[in-house]
Amino acid sequence: MTITQESAQAQRTKAVLYKPIDLSDFERRKDQIATELLTAATSTGFWHIVGHGIPQEDIDAAFALGGSFFDLPASAKQATRFIPRDYVGWRSLSELEAMSGTRNWEWYSVAYDGPKTDPRADSVWPAEKDLPGFKPRSLAFARQCHEVATRMVSALEQALKVEQGYFVKMLDLQQGNNPSILAWNTYPPKPATAIAQGKEFRLHAHADTDFLTLVFQRPGEPGLEVSPGRSTLADERLGKDLTGAWNGVPSDAGNVWYPMDPVENAITINIGDVFMRITDDILKSTYHRVRTPAPNDHEGERRTIAYFAWPNRDAIIQGPQKKYAAISAADLLASEGNAYAARKDDETWKEVAYRAQHENPYHTRKHESVARSPIPAN
Ligand SMILES: O=C(O)CCC(=O)C(=O)O
Ligand SMILES: [Fe+2]
């Protein structure tokens, strides 16, 4: 009986995770799209979309743009060093190893013009002589992503029967104070011995802090895994109790992981903590991580682009039930960045994170029997 129930639940989860939601003909189909998005956002918190309207050539160009940054010499990248409070700039492999306890992850992120918590944050752009046109091209792509995010938020607002425009106006770029982040992730290839040992993650288990995230994955470069089932944000950020929490999750989400492989022409979407807070936990900000290649996987580099859609800095994040204390988007973003950066100098934290990582190799993960994405790309 229990087994039957579990597998029925797993099947429902996989149906949501792997059947892309089609956003095409949005205005005419909005009711249906809203219903599908609500099912995904309240259950797995993760899904794919197709029919989103961003041309593949623009996505390819955005990958190439990020690649041109990562190919710069370290001295040029160093000038764009990470500013935690605004979550923008470059984080090197070694900096991320110190912050996250994981290896083989390099990051670069940018944001729109506007007020920043830290004035240095406007200096994270590469020099014009190094990469001409980098800034306008990045921001043009960011705006395309923002438009897709806003469409989904509008549909979810409708499905949740929230006053029309209440969430959408928080995403209004015209107000000039939106802290949304466009980020490029690069995960270099792994040496074969480390892959065989399976002892490392490329990106540790975490939940995103934003409203909604768009993740662009490239077919043939898998690794993203998700653990649906978190019912509350009470555990807040990872780090309070790291024992056993590093490869897994410190909450009631259980420690069951589903692959969230790239799907041709699709964007992977997830709910972040802002959306979970402001709906008093109705929408789910789900833990996810990126594992190192399994022995039969593509063992080369993996690159992704993440667009973190944030509410405007002055938006107050609190749901109607007031389940969480009211906090401005700017303060939430800054606290996340600061907490993360502080780990770099916290020896106790590092010790626990490294030990958890090495004592819990990913090949012991419980979802071994869960099939890889069964829905073919179309
Ligand atoms: O690279 C990925 O697939 C996931 C990236 C991610 O989770 C993040 O940047 O927050
Ligand atoms: Fe993430």
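Naming follows an unreviewed UniProt entry, where the protein chain appears as Fe2OG dioxygenase domain-containing protein of Symbiochloris irregularis. Reading the Sequence similarities (unreviewed entry) entry of the UniProt record for the protein chain gives the comment "Belongs to the iron/ascorbate-dependent oxidoreductase family."

Asks: Is there a simple way to think about the pattern of salt bridges in this case?
Replies: Pairs may arise between side chains of opposite charge once their charged atoms sit close together. One pass over the full model with this rule turns up 15 salt bridges. Between D86 and R313 there is a salt bridge whose closest N-O contact spans 2.8 Å. Highlighted residues: D86 in the loop between α4 (74-78) and β3 (89-91) and R313 in the loop between β12 (302-309) and β13 (316-317), separated in sequence by 227 residues. Each member of the pair, D86 as well as R313, carries the same accessibility label: buried. Residue R230 is joined to D273 by a salt bridge in which the shortest nitrogen-to-oxygen separation is 3.5 Å. Linking R230 in the loop between β8 (224-227) and β9 (258-259) with D273 in helix α8 (residues 273-278), this pair joins segments that are 43 residues apart in sequence. Across the pair, D273 and R230 agree in class, each one buried.

Asks: Would you explain the site of ligand 1 in this entry?
Replies: Taken together, 13 residues lie near ligand 1, and Y187, H206, H288, R302 and T304 sit nearest. Residue Y187 places a side-chain N or O atom 2.6 Å away from an oxygen atom belonging to ligand 1. Here an oxygen atom of ligand 1 sits 3.3 Å away from a polar atom, N or O, in the side chain of D208. Protein chains bury 97% of the 290 Å² of accessible surface belonging to ligand 1 in isolation. A per-element tally of the shell around ligand 1 places β12 first, with three residues. Across the shell around ligand 1, the residue classes tally to seven nonpolar, four polar and two charged.

What counts, and where the lines are drawn
Residues numbered from 1 in each chain as written. Chains lettered and ligands numbered in written order. Predicted model: local features only at pLDDT ≥ 70, side-chain atom pairs only at ≥ 80, totals over all residues. Heavy atoms only, no water. UniProt positions renumbered as here; feature names shortened; annotations may be inferred. Salt bridge = Lys/Arg side-chain N within 4 Å of Asp/Glu carboxyl O. Helix = DSSP H or I, 4+ residues; strand = E, 2+ residues; numbered from the N terminus. Buried < 20%, exposed > 50% of the residue type's maximum accessible area, 1.4 Å probe, protein only. Near = heavy atom within 4 Å. Polar contact = N/O pair within 3.5 Å; in protein donor to acceptor, adjacent residues only side chain to side chain. Areas by Shrake-Rupley, 256 points an atom, 1.4 Å probe, with all protein chains shown as cover. Nonpolar A, V, L, I, M, F, W, Y, C, P; charged D, E, K, R; others polar.

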